[in-house]
Amino acid sequence: MAETSSVRITCTAPVNIAIIKYWGKRDEELILPLNSSLSISLHQDQLKSTTTAVASPAFSEDKLWLNGQEKSVQESRLQALLHEVRRRAAKRPLEDVQREEEVVESVNSEHRLAPPSWHVHISSKNNFPTGAGLASSASGYACLAFTLAQLFGVRGELSGIARRGSGSACRSMYGGVVRWTHGEQADGADSIAVQVIPESYWPELRVFILVVSDLQKAVSSSEGMRRSVATSRLLQAGYTFDAGPNAFVLTTARDASKLLGLIAHFFPPQTSNSKRYIRGLPLTTDPPSLELQCALGFEPQPNALHYILCTRPGPGPQCIFDNEAHLLNIDGLPGN
Ligand SMILES: Nc1ncnc2c1ncn2[C@@H]1O[C@H](COP(=O)(O)OP(=O)(O)OP(=O)(O)O)[C@@H](O)[C@H]1O
Ligand SMILES: C[C@@](O)(CCOP(=O)(O)OP(=O)(O)O)CC(=O)O
């Protein structure tokens, strides 16, 4: 039914991990931060969100599936993001849209641009636990903003769209090291992310995520920062809090096996199944010398770590031109 005129696109986006954290908002609705923050986008070979969006004049409403389950689209942040992308799409001059459609069509015959008035069906999935302290909201909302921007032909600065879904999502709109600037304007126009260092700058950099728990946190980051803003004097002095039990470590490819061996020695896995304990990039473990074990002077803590995920800095969102990758068929229903 929708086949003749529907438009479909699939994109992916990375998780980012903050080196200088965002903690606290000066505007809850626009999601404007109290402080600027800095992060590294992680490689999508290990962690990513994938989103397919299909727009059609035949659809009577917007719909969303997350990890295969249909969800309400009425959630306020999702609505804010959808509204913002459509608002920007509607502002584009018609000649621009037509000129660009010709270019895009010649690159990929299926990808035309959709008018902002069309309803959209969206399906997204994460290849890692959702809502469990691994920043799925960052990659998820960045992926949504990027995919919808491609679908509706919105160009230029897109991190301000992702920010409406979740603050940290704006940093996942770029690869490498990214700064989200606090900004001064009341409407948030200057509270955007910029790439500071491309992912190619330190090819030898490695990132370990030490996962203590991938269960849902008792207090979400949004609520945690709300409480800090209301009650913490440390926050007024510029302190930013850690939001969960998981830690990350930066190292180099040269030292990775040594460091991994050290961590695995002091935080050994529950079983001897080291394949599940060390995930991501294939790395060997180089156990610490007896001398180093004694010098550090503490006993191994079995089961303290759930698993270690090894990855590296990576690029920003990508369009996927592979028909097998779509999460919705051309009629906008789950399947390929
Ligand atoms: N792929 C996705 N597409 C759209 N929305 C998503 C996606 N993944 C996650 N979300 C949204 O983000 C919410 C989870 O965010 P939440 O902040 O609770 O967890 P997290 O980001 O995984 O962990 P943390 O913020 O502690 O690092 C989901 O309930 C959903 O609303
Ligand atoms: C500890 C953090 O990860 C907090 C991230 O908080 P969110 O971006 O998830 O919060 P909302 O803007 O309310 O959605 C620090 C960081 O990523 O900078």
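Residues numbered from 1 in each chain as written. Chains lettered and ligands numbered in written order. Predicted model: local features only at pLDDT ≥ 70, side-chain atom pairs only at ≥ 80, totals over all residues. Heavy atoms only, no water.

### Quick word on the site of ligand 2
- Surveying the vicinity of ligand 2 reveals 16 residues, the closest of which are Tyr 22, Lys 25, Arg 77, Ser 166 and Ser 168.
- In the environment of ligand 2, an oxygen atom lies 2.7 Å from a nitrogen or oxygen atom belonging to the side chain of Ser 222.
- Compared with its free state, where it exposes 450 Å², ligand 2 has 89% of that area covered by protein.
- Across the shell around ligand 2, the residue classes tally to six nonpolar, six polar and four charged.
- Residues lining the shell around ligand 2 come from more than one domain, with at least three contributed by each of domain 1 (7–199 + 321–325) and domain 2 (205–311). (Near = heavy atom within 4 Å. Polar contact = N/O pair within 3.5 Å; in protein donor to acceptor, adjacent residues only side chain to side chain. Areas by Shrake-Rupley, 256 points an atom, 1.4 Å probe, with all protein chains shown as cover. Nonpolar A, V, L, I, M, F, W, Y, C, P; charged D, E, K, R; others polar. Domains from an automatic or database assignment.)

### Focus: the environment of Pro 268
- As for its position among the elements, Pro 268 is in the loop between α7 (253–266) and α8 (274–277).
- Looking at Pro 268, the relative accessible area reads 19%, which means it is buried.
- C-alpha separation for the pair Pro 268 and Lys 21, spaced 247 residues apart in sequence, amounts to 29 Å.
- Not counting residues up to four positions away in its chain, the partners in contact with Pro 268 are Tyr 277, Pro 300, Gln 301, Pro 302 and Asn 303. (Helix = DSSP H or I, 4+ residues; strand = E, 2+ residues; numbered from the N terminus. Buried < 20%, exposed > 50% of the residue type's maximum accessible area, 1.4 Å probe, protein only. Contact = heavy atoms within 4.5 Å.)

### Examining the environment of Lys 91
- Among the structural elements, Lys 91 can be located in the loop between α1 (76–90) and α2 (94–107).
- Distance from Lys 91 to Pro 116, taken between C-alpha atoms, is 9.8 Å for residues 25 residues apart in sequence.

### Regarding the site of ligand 1
- Ligand 1 sits among 16 residues. The nearest are Ser 124, Ala 135, Ser 136, Ser 137 and Lys 217.
- Within the side chain of Asn 126, an N or O atom sits 2.9 Å from a nitrogen atom of ligand 1.
- Within the backbone of Ala 132, an N or O atom sits 3.3 Å from an oxygen atom of ligand 1.
- Burial of ligand 1 by the protein amounts to 76% of the accessible area it has alone, namely 640 Å².
- Those elements that place two or more of their residues in the shell around ligand 1 are β9 (119–126) and α3 (136–152).
- In terms of residues, the shell around ligand 1 owes the most to one element, α3, which gives four residues.

### Quick word on the nonpolar core
- Core analysis: the biggest nonpolar cluster contains 33 residues, and Ile 122, Leu 148, Leu 151, Phe 152 and Val 154 have the highest contact counts within it.
- When contributions to this core are tallied by element, the ones reaching two or more residues are β1 (7–14), β6 (48–56), α1, β9, α3 and α4 (159–162).
- Take this core: its biggest share by element is 10 residues, from α3.
- If you look at the next biggest cluster of nonpolar residues, it comprises 14 residues, including Val 15, Leu 134, Ile 209 and Tyr 307. (Core = buried A, V, L, I, M, F, W, Y, C linked by side-chain atoms within 4.5 Å.)

### Quick word on the sheet that holds strand β15 (residues 307–311)
- Overall, mixed pairing links the four strands, which are arranged β13-β12-β15-β14 in an open sheet. Strands with a single pairing partner mark the edges of an open sheet, and in this sheet they are β13 (247–252) and β14 (278–280). Neighbour-to-neighbour, the strand axes of the sheet open up by a mean angle of 25°, direction not taken into account.
- Pairing of β14 with β15 involves three bridges; the strand directions are parallel. (Pairing = 2+ DSSP bridges. Axes fitted to C-alpha atoms, helices over the stretch in contact; angles between N-to-C directions.)

### Considering the sheet that holds strand β8 (residues 69–71)
- Pairing is mixed in the open sheet, where six strands are placed in the order β8-β7-β9-β6-β1-β16. The strands lining the two open edges of the sheet, one partner per strand, are β8 and β16 (318–319).
- As paired strands, β1 and β16 are joined by two bridges and run antiparallel to one another. Opposite Cys 11, over in β16, you have Cys 319 as the bridge partner.
- Here α3 sits on the sheet in contact with β1, β6, β9 and β16, set at roughly 145° to β1.

### Re the domain arrangement of the protein chain
- Each domain of the protein chain was delimited in the assignment, giving domain 1 (7–199 + 321–325) and domain 2 (205–311).
- Just the C-alpha atoms count here: the centres of domain 1 and domain 2 sit 28 Å apart.
- Counting residues at the interface gives 22 residues for domain 1 and 30 residues for domain 2.
- Across the domain 1 to domain 2 interface the summed buried area is about 2,000 Å²; carbon plus sulfur atoms make up 69%.
- Along the contact surface separating domain 1 from domain 2 lie one salt bridge.
- Where Arg 226 meets Glu 28, a salt bridge forms, and the shortest distance between an N and an O atom there is 3.4 Å.
- If you tally residues by element for the side of domain 1 that touches domain 2, the top one is strand β2 (residues 16–20), at three residues.
- A class-by-class count of the residues in the side of domain 1 that touches domain 2 yields 12 nonpolar, six polar and four charged. (Buried area = accessible area lost by both parts, 1.4 Å probe. Salt bridge = Lys/Arg side-chain N within 4 Å of Asp/Glu carboxyl O.)

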